[in-house]
Amino acid sequence: MASALTKVASTKSILAPSMTLKGHRAYIKSISYFPDGQRMISGSDDTTTRQWDLKEGKEIEEVRDVREEEVHAVAVSRDSRWIVTGSGDWGDADL
């Protein structure tokens, strides 16, 4: 039993970022992937929601002024037609 614990303790983490997506000017609070796995949505304390191309590692679109406060949650519908954002402004959600 002691040898199994020793083996687990000596294993190093190999996690490393595969890419860095730059654009938000504050903390990112939420991300959601599109069903195709090629795109992602992120929501941030900078009040923006951004769509990313994960193959190219670039921003596709930035949406401002949808939320008056920080974006705390983002979600993508199963058919990729809708993106939902949520923030701290009294529990509102916009499509």
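Here we summarise the structure given alongside this text.

Criteria and thresholds
Residues numbered from 1 in each chain as written. Predicted model: local features only at pLDDT ≥ 70, side-chain atom pairs only at ≥ 80, totals over all residues. Heavy atoms only, no water. Pairing = 2+ DSSP bridges. Helix = DSSP H or I, 4+ residues; strand = E, 2+ residues; numbered from the N terminus. Axes fitted to C-alpha atoms, helices over the stretch in contact; angles between N-to-C directions. Patch = residues over 30% accessible without salt bridge, like charges linked within 9 Å, V, L, I, M, F, W, Y side chains within 5 Å. Areas by Shrake-Rupley, 256 points an atom, 1.4 Å probe, with all protein chains shown as cover. Salt bridge = Lys/Arg side-chain N within 4 Å of Asp/Glu carboxyl O. Buried < 20%, exposed > 50% of the residue type's maximum accessible area, 1.4 Å probe, protein only. Phe/Tyr/Trp six-rings, centres within 6.5 Å; stacked < 30°, edge-to-face > 60°. Lys NZ or Arg CZ within 6 Å of the ring centre and 35° of its normal.

### Description of the sheet that holds strand E4 (residues 58-63)
Phase 1 of the analysis: The four strands lie next to each other as E1-E2-E3-E4, forming an open sheet whose pairing is antiparallel. Every other strand in the sheet has two partners, leaving strand E1 (28-33) and E4 as the edge strands with one partner each. Direction aside, the axes of adjacent strands within the sheet are offset by 25° on average.
Phase 2 of the analysis: One ladder, built from five bridges, connects strand E2 (residues 39-44) with strand E3 (residues 49-53); its direction is antiparallel. Bridging from a neighbouring strand, glycine 43 pairs with threonine 49 of E3.

### Here's the deal with a nonpolar patch on the surface
Phase 1 of the analysis: A contiguous nonpolar surface patch, about 310 Å² in accessible area, is contributed by Ile28, Ile31 and Tyr33.
Phase 2 of the analysis: Structurally, isoleucine 28 is set in strand E1.
Phase 3 of the analysis: Judged by relative accessible area, which is 46%, isoleucine 28 ranks as partly exposed.

### A look at unusual backbone geometry
Keep in mind that most residues, glycine aside, have a negative phi and that most peptide bonds are trans.
Phase 1 of the analysis: Even without a glycine there, the phi angle at threonine 47 is positive, about 70°.
Phase 2 of the analysis: By the element assignment, threonine 47 lies in the loop between E2 and E3.
Phase 3 of the analysis: We classify threonine 47 as partly exposed; its relative accessible area is 25%.
Phase 4 of the analysis: If you check the backbone angles, serine 80 has positive phi at about 65° while not being a glycine.
Phase 5 of the analysis: Within the secondary structure, serine 80 is located in the loop between strand E5 (71-76) and strand E6 (83-87).
Phase 6 of the analysis: Overall, the relative accessible area of 25% leaves serine 80 in the partly exposed class.

### Observations concerning the packing of aromatic side chains
Phase 1 of the analysis: Overall, the coordinates contain zero aromatic pairs when judged by the stated rule.
Phase 2 of the analysis: The cationic tip of arginine 39 hangs over the ring face of phenylalanine 34; the distance from NZ or CZ to the ring centre is 3.9 Å.

### What to know about the pattern of salt bridges
Phase 1 of the analysis: One pass over the structure, following the stated rule, counts six salt bridges.
Phase 2 of the analysis: Aspartate 45 is the salt-bridge partner of lysine 29, the closest N and O atoms lying 3.3 Å from each other. Here the residue lysine 29 occupies a position in strand E1, and aspartate 45 occupies one in the loop between E2 and E3, the gap between them amounting to 16 residues.
Phase 3 of the analysis: Using a relative accessible area of 22% as the deciding quantity, one classes aspartate 45 as partly exposed.
Phase 4 of the analysis: Each of Asp46, Arg50, Glu59, Glu62 and Arg64 takes part in a single network of salt bridges with overlapping partners.

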